[in-house]
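Fold and contact review
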Amino acid sequence: MCNKNKINLFIWIFYRAGIKFRNFVFRNRLGKKRWSAKIIFSVMSFFGYFEEKVYLNTGETGTFDHYVPRLLLNRWRIAETGTNKGKIFCWSKSKETIVGQPISGVAGEKDWDLSMAKGLPSDFVRKKLFAELLESKGSDIIKRINLSQSLDLTFLEESTLAIFIGLQITRIPLFHNYLLRFFSIGYSDGLIDYNDFGNKEILVRKVAKNEIGITYEQLLNGRSRMRIEGGKPQRLMLSLIVGNDIGEKIYRGNLHILELPADSKDEFVISDNPVVFLDFERKTILKFVPWWEIGEKDFWIFMPISPRKGIFYCRPRKKDGPIERNNESLVQLMNFGQYLACSDNVFSCKKEILENHLKIYANELREQLKIN
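Residues numbered from 1 in each chain as written. Predicted model: local features only at pLDDT ≥ 70, side-chain atom pairs only at ≥ 80, totals over all residues. Heavy atoms only, no water.

**Quick notes on the sheet that holds strand β7 (residues 254-259)**
Note the threshold: Strands were regarded as paired on the criterion that DSSP finds at least two bridges between them. Working definition: helices are DSSP H or I runs of at least four residues, strands are E runs of at least two. Numbering for both runs from the N terminus. The contact criterion used throughout is that any non-hydrogen atoms of two residues lie within 4.5 Å. Axes, fitted as lines to C-alpha atoms, cover a helix only where it is in contact. Angles between the N-to-C directions of the axes lie from 0 to 180 degrees.
Taken together, six strands build an open sheet; the order of strands is β10-β9-β11-β12-β7-β13 and the sheet is mixed. Where the open sheet ends on each side, the last strands, each with one partner, are β10 (284-285) and β13 (323-324). Relative to β10, strand β9 (residues 276-279) runs antiparallel, the two sharing two bridges. Bridged to L278 within β10 is I285. Packed on one face of the sheet, helix α10 (residues 328-341) meets β7, β9, β10, β11 (299-304), β12 (309-314) and β13 and runs near 80 degrees to β11.

What follows is the structure in structure tokens.
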């Protein structure tokens, strides 16, 4: 056997070993302590190097990629059988309508997660990072939270959930739109050079870490002398880097579960921008996340995970512990945030829930639309 074949065999063995190790760890719920979770992450990072080397890119295009994964949307499906099987009720802000739509065609775009490798389309991010790893393991963790009456997660599961949420924040079109605004302002003001777009290290420093000091208010206003379009490879790369960084930062906070009271007729909804930020300094729900401020400012971060449960990260609280069961104000905050921060759509399994919310939040939404 020639040396090249020996090296390929060696890489393949480590690739298969990495998959088996990861599945074994999550199946047996290892990583219950912080120190053991760190060791497991180190081992998985080692094996991850070989996964990327061995991965066979199909170059498949024309696939509809959900930027809000189906593992979440399916929890709001209208019915298991009949004409509404696989559908979800969708409120459109732009059309001002509520209609039932197939889950397979909402909260996504064709080839949204497609990247480039050696000048060719690559589905590594779509199939390996999202589908096989984060969405698969994230689904198991979210299912465990939904079925449990307590917060029973290992350190490894909780940190994986934080990365899942971090990447959910940066995966959506709204985040990519604000990245383009960031590029435009930076380029117009001479803070980002044309050559910087081809340099990963510089982009991470200037954009992901925002060392050039662009503010939330500048991005919100979106005014620049020049407008940058496209840049998908750079946007996808930065969204993955920023998403992982967000996950690491919010993991240092405190995870809480928000449950609707058993006798409540209300339900949580989910939007095409499902992670909501409450900013105590600005005293508002943010339209988008100033990623460089996470870990520095007092944010509460919310995301619904089913019609009856949501999760949120905040500073330590002295109420019900990690589970909030009778906090109507937080329930309303999470739901209102879905309507306020959505790009266009809010989803539910019940049409009357959407209709009722639109009546309750009508004045607030009208005022916010005027402001924006």
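**Quick word on the pattern of salt bridges**
Selection rule: We define a salt bridge as a side-chain nitrogen of Lys or Arg found within 4 Å of a carboxyl oxygen belonging to Asp or Glu. Between buried and exposed lies partly exposed: a residue is buried under 20% and exposed over 50% of the maximum accessible area for its type, with that area taken using a 1.4 Å probe on protein chains only.
All chains considered together, the criterion is met by 17 salt bridges. Note that D245 is salt-bridged to K249, the shortest N-O span being 3.1 Å. With D245 and K249 both in helix α9 (residues 232-251) and four residues apart, the pair spans about one turn of that helix. In this structure D245 comes out as partly exposed when scored by relative accessible area, which is 32%. When the shortest N-O distance is used, the salt bridge between K297 and E293 registers 3.5 Å. Accessibility expressed as a relative area gives 27% for K297, which makes it partly exposed. Linked through salt bridges whose partners overlap, the residues forming this network are E217, D279, E281, R282, E293 and K297.

**Points about the environment of I305**
Along the polypeptide, I305 turns up in the loop between β11 and β12. Along the primary structure I305 and L72 are separated by 233 residues, whereas in three dimensions their C-alpha atoms are 6.3 Å apart. Excluding anything up to four places from it in sequence, I305 contacts L72, R75, W76, I142, I145, N146, G310 and I311.

**Re the nonpolar core**
The following threshold applies: Definition used in this section: a nonpolar core is a set of buried Ala, Val, Leu, Ile, Met, Phe, Trp, Tyr and Cys residues joined via side-chain atoms within 4.5 Å.
Among the nonpolar cores identified, the biggest contains 100 residues, and L161, I165 and W291 are the most heavily contacted of them. Apart from the residues within four sequence positions on either side, W291 is in contact with F175, L179, F182, V207, A208, L219, V242, I246 and K249.

**Quick look at the sheet that holds strand β3 (residues 97-102)**
Taken together, the four strands give an open sheet; going across it, the order is β3-β2-β14-β8, and neighbouring strands pair in antiparallel fashion. Two strands lie at the open edges of the sheet, namely β3 and β8 (270-271), each paired on one side alone. Sheet topology note: the strand β2 (residues 87-92)/strand β14 (residues 345-348) ladder contains four bridges and is antiparallel. Bridged to W91 within β14 is V346.

**So, the pairing of β2**
The buried fraction of β2 amounts to five of the six residues, a majority that puts the element mostly inside the structure. When β2 meets β3, the two strands line up antiparallel, connected through six bridges. Bridge pairing in β3 links F89 to G100. Counted along the chain from β2 to the antiparallel partner β3, the turn is four residues long, and its residue E96 has a positive phi close to 55 degrees.

**Section: the packing of helix α7 (residues 200-208) against α9**
Quick note on the threshold: An angle counts as roughly parallel when it lies under 35 degrees, as roughly antiparallel when it exceeds 145, as roughly perpendicular when it falls between 65 and 115, and as oblique in every other case. Each helix crossing is assigned a hand: it is left-handed if the near helix lies turned anticlockwise from the far helix by less than a right angle, otherwise right-handed if that turn is clockwise. Each residue is assigned to one of three groups, with Ala, Val, Leu, Ile, Met, Phe, Trp, Tyr, Cys and Pro labelled nonpolar, Asp, Glu, Lys and Arg labelled charged, and all others, Gly among them, labelled polar.
At a closest axis distance of 11 Å, the pairing of α7 and α9 adopts a crossing angle of 60 degrees. Taken together, α7 and α9 sit at an angle that is classed as oblique. The two elements α7 and α9 cross, and the hand of that crossing is right-handed. On α9, the residues that touch K200, L203, V204, V207 and A208 of α7 are Q234, M237, L238, I241 and V242. Looking at the contact of α7 with α9 residue by residue, the class counts come to eight nonpolar, one polar and one charged.

**Digging into the pairing of β12**
Counting buried positions over the six residues of β12 gives six, a clear majority of the element. The two faces of β12 match: K309, I311 and Y313 on one face and G310, F312 and C314 on the other face are all buried. Note: β7 against β12, six bridges, orientation antiparallel. Looking across to β12, one finds that N254 is bridged to C314. By the bridge criterion, four bridges tie β11 to β12 in an arrangement that is antiparallel. By the bridge assignment, I301 is partnered in β12 with Y313. Connecting the antiparallel pair β11 and β12 is a turn made up of four residues.

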